Amino acid sequence: MQLTEYDQSLLAGEQGKARQVAMKLMIRAAEVSGADHLVDVSMAHVNSCFYSGQVGIDFAKFLLAEGGQVAVPTLTNVGLIDLLHPDLRPKEVHPEEVAGARQLMDIYRQLGCEVVWTCAPYQLKQRPQVGDQIVGSESNAVVFYNSVLGARTNKYGDFLDICAAMTGRAPAAGLHLTEARKGQLLFRLQGVSAALMAEDIFYHVLGVILGREAGTRIPVIDGLPAEVSEDRLKAISAASAAAGAVSMFHAVGITPEAETLAEAFQVAEFDDSVPEACINVTPAMLVQARDMLTNTESAELRAVCLGTPHFSVSEFAQLMPLIEAQQAKQPGITIHEGICFYISTSRFILAEIEQQGWVEQLEAFGVTMVVDTCTYFTPIAKGITGGVMTNSGKWAYYAPGMLKVPVVFGSMAECVESAVQGRVWRDAHLWKDDLWSSKSAAPGNGGNR
């Protein structure tokens, strides 16, 4: 290992035992990953603040007792509980976990972290730029940072993430290095209609396909429309990380390291022999992945869960007209009795929409706002015991295993209408064969070749 004077100072314990242990762990991680030196990181987003047992508290207490403080700006991922709305989860439900989560979250505040408690830290105003070396931990954020923003991070597990934050150093390996960021698989949108690509649900389904086919490899998507919103790129990021182990993707003509296919694959000239494989994303593949996200045929509904990853301001802006349309049809209408409607977001986005008066409107409609955490970890409020509808590919992928509930995947509009009706409602346009077939296909704009 090639250690700088700063590294050697930390390793010698000259800046305290906490940072000494942190540096030992970073050096060992570098050795395991084959790195011969460390790189400076400019920020971190850590998941070690999420309570998953006593060991997390023990490690955090050790760091704090030994004078540990983060060395770079460090943001917190979600915690297990909503600190702003403690009444959402009854005290009799797992009181030891709730107490442990609260204690752990407070320790990370004392360690100097900026306690944002969000899985979508890229929605904050200050975020990394292309080429910035950073430390990420939450899966969708790692993909978004690498792919959409062009920052550089591997996916750091618990303890390694906070150790990197405390040292400001990370192994020079994996996606920190240019050569490791080249595309490996090519995904061509084959016969996918422009009408389908205009729908939000398409991007969640595409993410699931990327995750299942790519695993840990870097996929390159060719054929997406030139103007793709960050919310839709967020959907790809989240679903591909959930359904596989994707840490980065390229979208030709869209993401910063993929102006062309040649650039995405880091070659002078591109041809089909360059990728490890060329995969045509067909309507049939999309329908199969779409249907996999729904695991019940029942119309019975108990809850709607939006905001995985956390809802953005633009997503709230998309939701509000749907609610207003319901109220225009029937003044004073609210969510059907017996249906819980949850939206997860960050406390900072919550503050923004409060200023616009949207929170009051949402709550009057029957929406429950959830911050600091996500609804697929554990049942919130009265508990989710029946069918749940979501517009999130990630939520739909995880919840059957995490919560043991029937899940229905659909659009945001379908979720709102279903919540009002008290049963699953389908938009015939979204589910008709023509939309998902090649009959109305129009070529996407994959950018310059």
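Conventions we followed
Residues numbered from 1 in each chain as written. Predicted model: local features only at pLDDT ≥ 70, side-chain atom pairs only at ≥ 80, totals over all residues. Heavy atoms only, no water. Helix = DSSP H or I, 4+ residues; strand = E, 2+ residues; numbered from the N terminus. Buried < 20%, exposed > 50% of the residue type's maximum accessible area, 1.4 Å probe, protein only. Expected span 1.5 Å × (residues − 1). Arc of directions from axis to C-beta. Contact = heavy atoms within 4.5 Å. 1 Å grid on protein atoms, 1.4 Å probe; cavity = no way out; pocket = protein on both sides within 12 Å on 5 of 7 lines; lining within 4 Å. Points joined across faces, edges and corners; volume = space filled by probe spheres on them. Nonpolar A, V, L, I, M, F, W, Y, C, P; charged D, E, K, R; others polar. Pairing = 2+ DSSP bridges. Axes fitted to C-alpha atoms, helices over the stretch in contact; angles between N-to-C directions.

Enquirer: Just to check I follow, could you spell out the environment of L80 for this structure?
Expert: Secondary-structure assignment places L80 in the loop between β3 (74-76) and α4 (95-110). On the basis of relative accessible area, L80 is assigned to the buried category, the value being 8%. Along the sequence, L80 and Y51 sit 29 residues apart, while their C-alpha atoms lie 6.0 Å from each other.

Enquirer: Any chance you could explain helix α3 (residues 54-65) here in plain terms?
Expert: Two residues of an α-helix separated by three or four positions point the same way, owing to the 3.6 residues in each turn. The first and last C-alpha atoms of α3 sit 16 Å apart over twelve residues, in line with the 16 Å expected at 1.5 Å per residue. Among all positions of α3, only G56, I57, F59, A60 and L63 are buried. Looking straight down α3, one finds its buried side chains confined to an arc of 165°; they lie on one side. Turned more than 90 degrees off the buried face of α3, the exposed positions are V55 and A65. Residues of α3 that are buried sit in contact with α2 (17-33), α4 and α6 (160-167). A positive phi of about 80° marks G67, the residue just after α3.

Enquirer: How should I be thinking about the layout of surface pockets in this particular structure?
Expert: Sizing a probe to match a water molecule and rolling it over the atoms shows the empty space that remains. Size it by volume and the largest pocket reaches roughly 320 Å³. Every residue lining the largest pocket is counted, 20 residues in all, and those nearest its centre are N47, N77, E138, Y376 and F377. The element best represented in the lining of the largest pocket is helix α15 (residues 393-403), accounting for three residues. Of the residues contributing to the lining of the largest pocket, the split by class is nine nonpolar, seven polar and four charged.

Enquirer: In this structure, what is going on with the sheet that holds strand β7 (residues 250-251)? I would like to understand it.
Expert: Across a sheet, paired strands are connected by hydrogen bonds in the backbone, their directions being either parallel or antiparallel. Read across the open sheet, the four strands follow the order β7-β6-β5-β8; overall the sheet is parallel. Each end of this open sheet is capped by a strand with a single partner; those strands are β7 and β8 (277-281). Here four bridges tie strand β5 (residues 185-189) to strand β6 (residues 219-222), and the two strands are oriented parallel to one another. Residue pairing in the sheet places L186 in a bridge with V220 of β6. Helix-sheet contacts for helix α8 (residues 200-214) involve β5, β6 and β8, and the interaxial angle to β5 is about 150°.

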